[in-house]
Structure formats: structure tokens, C-alpha cells
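Structural description and commentary
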Amino acid sequence: MSITSNTELLGMQQVSEAVGRILKEMREYAKPGITTSELDEYGGQLMETSGLRSAPKLTYGFPGYTCISVNNEVAHGIPGSRVLQEGDLVNIDVSGELNGFWADNGGSFVLGQDFHVHEPLVNASRQILHKAISQIRGGVKIADIGKLIETEAKRSGYRVIRNLVGHGVGRSLHEEPKEIPNFYDKYNRGRFRKNSVVAIETFISTRASYAYSKGDGWTLVTTDGSFVAQHEHTIIVTDGVPVILTAANGI
């Protein structure tokens, strides 16, 4: 969507603050020994208190309030009986609707002590996201931001997942531009538009370039033992530095 009034700006600020805060509180609640279902239920309680409705439930009938992916799970992990362990690489993706406005954010983190040395990957994903966001302006080519993300990933010794992308957001979960890739796509001739709302996300991988279906209809995984870190913010594109609407998530 494009922001055309103070009412729309306020609506996006409110929903984005809510999803950002819920993501932050879910990360703080996560601890070894709880199941991903327990963590998701906590997120659902926070949503209910905030008046927020789960975007994946509303849009796709997803079997959870949030997507929780662990270790080699890249995205769209279904909350369930899996017990979180010290040192797990965990990703929580929180998206929701409030008063007709939608926002999306997510982030990977290491649970407790970093036994498996995932922290460099997590840090790279976060830093690359912020570098990419800092370069977005009205008129900038979407492909150039993908090139930046891919180049920075390679410089850090990583790759990007090529079949997961950022997207427009605002009046629904996925809007134009439908694809904001993590890599340079010479055929993508789109440009960022001033006042538009987009969800920018990184998928930084230790080795794999694609994510594949786990077979449960939702979860995407790597098949070669690779690990992936993802971070995502909903932003407003301006003529200068973008406005990060989901800053409450602390990423």
C-alpha cells in the first residue's frame, strides 16, 4: 500500500508496533524445555490482548498464530510438540492484522548458549538487513537491493536463499511489489515507490541456495544440513532514510 493520509500512517504504526512488540516478547519468553506450541500459544495470548489477528491464520489457514522454525527449518515452521534445546537456532515470524492494516516481521536468534556457533550467521543476517534498508529510497531499483544483500552475504562467507523474498504489505499480508528478492534479478525492473509500505527480509544461508518443502504442507527446510538466519522489518519508503515501523522488535 501507499501511505496517503495520517489515518493510514497511524494504522500502520499501530499494527507494526503490535507485531514488533509481540515478536520481542516471544523471544524473551523462549527458553530451553518449552515446546514450539507453548511458545506460539503465548504469542496468541499476546495477540488477543492487543486486538491483533494472526495474518497467516487469516490469509492461509495456517495451523498456528506464528511461524516458528528451528535449526534447518528455514521458514513457515508449524508450532507443535518440538522441545526447544539450548543452542538451537530459532526463527519467529509474527505478522498480523489490526483495524484493517497488516504488518510483518521476523527474526532469528540463538536460544541460550551458542554451542553450535550460529551467532555469526545471525549477526550477518541482521546487519545485512539494516544495510539494505538504509539504501532504500523512492526510485531505487528493487534488483539493486537484492544485489546488495547477495553481495554482502558472499562477503561474509554466506549465500542467500533464492526462493524466499520480501514483499509489499499494508492492506493485506502480501501486496505489490510481490517479490523483493535477496539476490540480483536482472529481469526485475521494479522500483521502490515513495510512501509505499514493504516488508524487507534477509534469508542468509551457510551453504544452501534454495529451501524445500518438508512435506507437511507448510515448513520449508534445507536438505544439505545448512542453516539459515532471517530478519524482517516492515518499512515506509521515503525520499531519505526509510521509516522502520517494526522497530519495537528490537532487531
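In this report, we go over the structure that sits alongside the text. It should be emphasised that the depicted structure is a prediction, and the values quoted were computed from it without experimental measurement. (Residues numbered from 1 in each chain as written. Predicted model: local features only at pLDDT ≥ 70, side-chain atom pairs only at ≥ 80, totals over all residues. Heavy atoms only, no water.)

**Thoughts on the overall build of the protein**
The condition is simple: We count a stretch as a helix when DSSP gives it H or I for four or more residues in a row; a strand needs E for two or more, and each element gets its number in order from the N terminus. With the radius of gyration taken over C-alpha atoms, the globule rule is written as 2.2 Å times the number of residues to the power 0.38. We call two residues in contact whenever any of their non-hydrogen atoms come within 4.5 Å of each other. Only four residue types enter the tally: Lys and Arg on the positive side, Asp and Glu on the negative side; His and the chain ends are excluded. The atom standing in for a charge is NZ when the residue is Lys, CZ when it is Arg, CG when it is Asp and CD when it is Glu.
Along the backbone of the protein there are five helices and 13 strands. Taking 18 Å as the expected radius of gyration for a compact globule of 251 residues, we find that the protein reaches 17 Å, a close match to that expectation. With respect to the three principal axes, the spread of C-alpha positions in the protein is 45 × 45 × 30 Å. Taking the contacts inside the protein whose residues are at least 6 apart along the sequence as the reference set, 69% of them involve residues at least 24 apart. Side chains of the protein give 25 positive and 28 negative charges; the mean places of these two sets differ by 8 Å.

**Observations regarding the packing of helix H1 (residues 6-29) against helix H2 (residues 36-50)**
What counts, and what does not: Note on geometry: axes are C-alpha line fits, over the in-contact stretch for helices, and angles between N-to-C directions span 0 to 180 degrees. Rotating anticlockwise by less than a right angle from the far helix to the near helix defines a left-handed crossing, while the corresponding clockwise rotation defines a right-handed one. All residues other than Ala, Val, Leu, Ile, Met, Phe, Trp, Tyr, Cys, Pro, Asp, Glu, Lys and Arg, Gly among them, are scored as polar; the first ten of these are nonpolar and the last four charged.
Between H1 and H2, the shortest axis-to-axis distance is 10 Å and the interhelical angle comes to 145°. For the crossing formed where H1 meets H2, the hand is right-handed. Contacts between H1 and H2 involve Arg21, Ile22, Glu25, Met26 and Tyr29 from the first element and Glu38, Leu39, Asp40, Tyr42, Gly43, Leu46, Met47 and Ser50 from the second. Residue classes in the contact of H1 with H2 are distributed as seven nonpolar, two polar and four charged.

**Section: H1**
The test is simple: By this rule, a helix spans an expected 1.5 Å times one less than how many residues it contains. Throughout this description, buried means an accessible area under 20% of the type-specific maximum (1.4 Å probe, protein chains only), exposed means over 50%, and partly exposed covers the range between.
A rise of 1.5 Å per residue sets the reference length of H1, with its 24 residues, at 34 Å; its end C-alpha atoms lie 34 Å apart and thus fit the reference within 8%. Three or more residues of H1 are buried, namely Glu8, Gly11, Met12, Val15, Ser16, Ala18, Val19, Gly20, Ile22, Leu23 and Met26. In this structure, the buried side of H1 is in contact with H2, strand S2 (67-70), strand S4 (89-98), strand S5 (101-110), strand S9 (197-205) and strand S12 (228-236).

**Some details on the pairing of strand S8 (residues 175-180)**
Under the convention used in this document: Following DSSP output, two strands are said to pair if at least two bridges run between them.
Pairing of strand S7 (residues 166-168) with S8, which is carried by two bridges, proceeds in the antiparallel orientation. Considered in S8, the bridge of Gly168 is made with Glu175. Connecting S7 to the antiparallel partner S8 that follows it, the hairpin turn spans six residues, and Gly170 within it adopts a positive phi of roughly 150°.

**Structural notes on helix H4 (residues 119-134)**
Side chains three or four residues apart in an α-helix point the same way, a direct result of the helix having 3.6 residues per turn. Defined as follows: The arc in question is formed by the directions pointing from the helix axis toward the C-beta atoms.
Look at H4: 23 Å from first C-alpha to last across 16 residues, which is about the 22 Å you get at 1.5 Å a residue. Along H4, the residues classified as buried are Leu121, Val122, Ala124, Ser125, Ile128, Leu129, Ala132 and Ile133. Angularly, the buried residues of H4 cover 160° about the axis, an arc narrow enough to put them on a single face. On its buried side, H4 packs onto S4, S5, helix H5 (142-155), S9, S12 and strand S13 (243-244).

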